[in-house]
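# Geometric and topological summary
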Amino acid sequence: MSVGTHPTFENSPPGTVLTSPPDGSAVDRATGAARRVVDALLRTDRGNANLARVAEELNSIAEHLEEHAPAVAERLIDMWNGEGVTRHDPVTGPENALAPPLVLEGLPDGSVRGTVTLTIPYQGPPGHVHGGVSALLLDHVLGVANAWGGKAGMTAQLSTRYHRPTPLFEPLTLTGKLISVDGRKITTAGDIRTADGQVCVSVEGLFVDKSVPRPR
Ligand SMILES: CCCCCCCC(=O)SCCNC(=O)CCNC(=O)[C@H](O)C(C)(C)COP(=O)(O)OP(=O)(O)OC[C@H]1O[C@@H](n2cnc3c(N)ncnc32)[C@H](O)[C@@H]1OP(=O)(O)O
């Protein structure tokens, strides 16, 4: 799949931001607030006497948003309108409260890199990141690395090795790089490291040059 107007390491300066950073718009600020709510709900005292009222208020906010939501088909067209850098995906999307969100930059050697600190909503083992969350983040990082490398595709296989538990509450650096292209098959590798360089998770992905058509 051609990467169209996507920046690549051959046509763009090092440090090019490859994801959509939060831009201070109302939707980004609302999404940031929703992330705080998810985190705070997990942290607040279970006996917090105001939780019944919190439930009522959050349901009222959800009803307001639903009342203003166009048909899903229409929203999907709108979401996929543009140059292809998404604002809604669950890893980098500033409009998606499930996304940490991770910001990725392109490096001159063809790799991509981003740093993120994950908190309780992403917990698996006590005090550490859920393995599925690590795989989700790395799958996306590899996808962005493919685009930066000049050849995008869909994940066919993601082989994940968990070297040591990945800590919450500390900056983690995620990297990915397109390694080779063989016909329609793209091999890409990446990892998650702690600030002192310890590898917690490494992945190798096989991507196949194919895409799902954008909604119109
Ligand atoms: C910038 C945004 C970043 C976003 C990153 C997010 C990435 C994603 O999450 S993508 C979503 C998850 N992935 C999917 O849903 C993919 C679902 N699967 C499919 O659509 C297809 O099966 C797909 C694309 C993997 C293969 O497509 P298809 O056209 O059927 O390929 P096919 O002709 O069978 O195979 C092509 C080659 O790949 C190989 N291959 C295909 N699948 C696999 C596999 N799972 N394991 C090993 N080899 C495979 C085949 O053997 C073949 O090799 P060769 O050319 O040497 O004979």
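Here the structure is shown first, and the text comes after it.
Small disclaimer: the values here were computed from a predicted structure and weren't measured.

Definitions and cut-offs
- Residues numbered from 1 in each chain as written.
- Predicted model: local features only at pLDDT ≥ 70, side-chain atom pairs only at ≥ 80, totals over all residues.
- Heavy atoms only, no water.
- Core = buried A, V, L, I, M, F, W, Y, C linked by side-chain atoms within 4.5 Å.
- Buried < 20%, exposed > 50% of the residue type's maximum accessible area, 1.4 Å probe, protein only.
- Helix = DSSP H or I, 4+ residues; strand = E, 2+ residues; numbered from the N terminus.
- Near = heavy atom within 4 Å.
- Polar contact = N/O pair within 3.5 Å; in protein donor to acceptor, adjacent residues only side chain to side chain.
- Areas by Shrake-Rupley, 256 points an atom, 1.4 Å probe, with all protein chains shown as cover.
- Nonpolar A, V, L, I, M, F, W, Y, C, P; charged D, E, K, R; others polar.
- Salt bridge = Lys/Arg side-chain N within 4 Å of Asp/Glu carboxyl O.

## A look at the nonpolar core
- Formed by 27 residues in total, the largest nonpolar core has its most connected members in Leu102, Val112, Leu118 and Leu174.
- The set of elements that each furnish at least two residues to this core consists of strand S2 (111-117), helix H4 (131-149), strand S4 (171-182), strand S5 (185-194) and strand S6 (199-208).
- The greatest single-element share of this core, amounting to 8 residues, is contributed by H4.

## Structural notes on the site of the ligand
- Every residue lining the ligand is accounted for by Asp139, His140, Gly143, Met154, Thr155, Ala156, Gln157, Arg184, Lys185, Leu206, Val208 and Lys210.
- Between an oxygen atom of the ligand and a side-chain N or O atom of Asp139, the distance comes to 3.0 Å.
- Within the side chain of Lys185, one N or O atom sits 2.8 Å away from an oxygen atom of the ligand.
- Burial of the ligand by the surrounding chains reaches 48%, relative to a free accessible area of 1,200 Å².
- A total of 4 residues in the shell around the ligand trace back to one element, the largest contributor, which is strand S3 (residues 154-162).
- Taken together, the residues of the shell around the ligand break down into 4 nonpolar, 4 polar and 4 charged.

## Examining the pattern of salt bridges
- Scanning the entire structure with this criterion turns up 9 salt bridges.
- Put simply, Glu57 and Arg53 hold a salt bridge, and the shortest N to O gap is 3.0 Å. Here Arg53 and Glu57 lie together in helix H2 (residues 51-67), a separation of 4 residues that amounts to about one turn.
- The partly exposed category is assigned to Glu57, whose relative accessible area is 43%.

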